[in-house]
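Commentary on secondary and tertiary structure
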2 protein chains.
Amino acid sequence: MRAVRGAATKTSRQSGQRLDHETRTGQIYEAAARVFCERGFGQSSMADVAAAMDMTKAGIYHHISSKDELLFGIMSYGMDLFEERVLDRVEHIRDPLERLRTAIRAHVLLVTRDRSKEVTVILNEPVSLRGDYRAKIDRRKRRYVRFLNQIFRELKKEGITRDIDPRIATFALLGMINWIYQWFGPDGRLRDTEIAEAYIDLFLGGLLRSDTAGRESAP
Amino acid sequence: MRAVRGAATKTSRQSGQRLDHETRTGQIYEAAARVFCERGFGQSSMADVAAAMDMTKAGIYHHISSKDELLFGIMSYGMDLFEERVLDRVEHIRDPLERLRTAIRAHVLLVTRDRSKEVTVILNEPVSLRGDYRAKIDRRKRRYVRFLNQIFRELKKEGITRDIDPRIATFALLGMINWIYQWFGPDGRLRDTEIAEAYIDLFLGGLLRSDTAGRESAP
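A short tour of the structure in this document, coming up. Computed from a predicted structure; not experimentally measured. (Residues numbered from 1 in each chain as written. Chains lettered and ligands numbered in written order. Predicted model: local features only at pLDDT ≥ 70, side-chain atom pairs only at ≥ 80, totals over all residues. Heavy atoms only, no water.)

**Examining the overall build of chain A**
When its secondary structure is counted, chain A shows 10 helices and 0 strands. Listing each helix as α and each strand as β along chain A from the N terminus yields α-α-α-α-α-α-α-α-α-α. Put simply, chain A shows about 9800 Å² of open surface, and 47% of that area lies on carbon and sulfur atoms. (Helix = DSSP H or I, 4+ residues; strand = E, 2+ residues; numbered from the N terminus. Areas by Shrake-Rupley, 256 points an atom, 1.4 Å probe, with all protein chains shown as cover.)

So this is what it looks like as structure tokens:
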């Protein structure tokens, strides 16, 4: 599941372009995510996934043993992408406000850009991922929830936020960003960078006390 | 589809309780929405829906002719509930800020409360509603998008909002609210009324210029 992580991605990340794909399995995950987004998980078969990859069913089964494992694979891959492009890149930022701004920007661009899009959508669909698989993905998702909660607690401690429950702030932000796929199209009038900056303004404006809303990053 | 609208609902609305159900079809929609939420649309059969209703399959087919029609029925019923509990109750409010506050409050409570919950979730799932059915639901959804856009344009005209694209504000708000089902549980530590008021503070704080954020309703 971690196969996509590697040195090869550095350049593509910097240019905001696609991750470099080192594995056939990663490509299958992306194709399968597109198929599931179009038809729904339950209405899609391994044969549909094979057709989308221009492979035989036997070829697909060489990489992945069942539809359930495929779904778990897509979600794990989605979490890899998310951690690589968002969480791992911002966690070290010391100033909580700057950490938050950078996370919002990176997360918005993850859900609007290129082929990671469908993978991210599947990640947030309440489709049938069960038992142990479900628990593993949920555990990884909670890392981001804790990360955001922590920022809101730090900002509260600094005394610069309105009196808003950190958990509510966390889920409001996740909703704003994760919902983007419902309405955003790359050919529409809004650019993704514009959405990212507007989201930062809107959310930080709501979060911070009005006398601190314009505050720049701490040194 | 309009069968749930009627005089009988007034008392239950006022007490924040359930809509009164006048039709068997409405009950089937709610049960089917629960089944689809649990198992996914593609993995559910009409037999599952019949079992959830303690009916025979023939009994279900007496009311609904196909799974596609059932999905369209649930979504139409979800739009009925939404219009009845949110849109129709706030559209007449003259002051745009008060109209917005009231809409946020009513919408949050719709997605957190009682049996309408799963119906609302299904309404926003990108499951396989196609062609004419899809167009009809999308048309009804656009009415709410226009309603919100209109509020943001009015507030902009009054000169009290930050410079945020009304479309971005609209979809950010829809995301915040529609995402609630992903994390909210009625047995959790947060009350739904608390979420509604926090959302109003957070969103209006972000939307309005800081010198007007505390503004009360216009006369």
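After presenting the structure, the write-up continues.
**Overview of the nonpolar core**
Within the largest apolar cluster, 145 residues are counted, with the highest numbers of intra-cluster contacts made by Leu100(A), Tyr199(A), Phe203(A), Leu100(B), Tyr199(B) and Phe203(B). With near-sequence residues (within four places) excluded, Leu100(B) lies in contact with Leu148(B), Ile151(B), Phe152(B), Leu155(B), Leu173(B), Phe203(B), Leu204(B) and Leu207(B). (Core = buried A, V, L, I, M, F, W, Y, C linked by side-chain atoms within 4.5 Å. Buried < 20%, exposed > 50% of the residue type's maximum accessible area, 1.4 Å probe, protein only. Contact = heavy atoms within 4.5 Å.)

**Comments concerning the packing of aromatic side chains**
Residues and elements named next belong to chain B. Per the counting criterion, the structure on display carries 16 aromatic pairs over all chains. When the ring of phenylalanine 72 is compared with that of tyrosine 133, the centres are 4.2 Å apart and the planes differ by 15°; the resulting orientation is stacked. Here phenylalanine 72, found in helix H5 (residues 67-90), pairs with tyrosine 133, found in helix H8 (residues 131-157); they are 61 residues apart in sequence, far enough to count as distant. Given the relative accessible area of 29%, tyrosine 133 is considered partly exposed. Note on tryptophan 183 and phenylalanine 184: the rings are 6.5 Å apart at their centroids and 90° apart in plane angle, and the pair reads as edge-to-face. (Phe/Tyr/Trp six-rings, centres within 6.5 Å; stacked < 30°, edge-to-face > 60°.)

**Focus on the interface of chain A and chain B**
The interface of chain A with chain B comprises 40 residues on the first partner and 40 residues on the second. Together, the buried faces of chain A and chain B total about 3400 Å²; carbon and sulfur atoms form 66% of this surface. On inspection of chain A and its partner chain B, the count reaches 0 salt bridges. Taken together, chain A and chain B are joined by 2 residue pairs in polar contact (both at pLDDT 80 or more). Of all the elements in the fold, those that place two or more residues in the side of chain A that touches chain B are helix H2 (24-39), helix H9 (166-178) and helix H10 (192-207) of chain A. It is H10(A) that contributes the most residues to the side of chain A that touches chain B, 10 residues altogether. For the side of chain A that touches chain B, the residue count by class is 20 nonpolar, 10 polar and 10 charged. (Buried area = accessible area lost by both parts, 1.4 Å probe. Salt bridge = Lys/Arg side-chain N within 4 Å of Asp/Glu carboxyl O. Polar contact = N/O pair within 3.5 Å; in protein donor to acceptor, adjacent residues only side chain to side chain. Nonpolar A, V, L, I, M, F, W, Y, C, P; charged D, E, K, R; others polar.)

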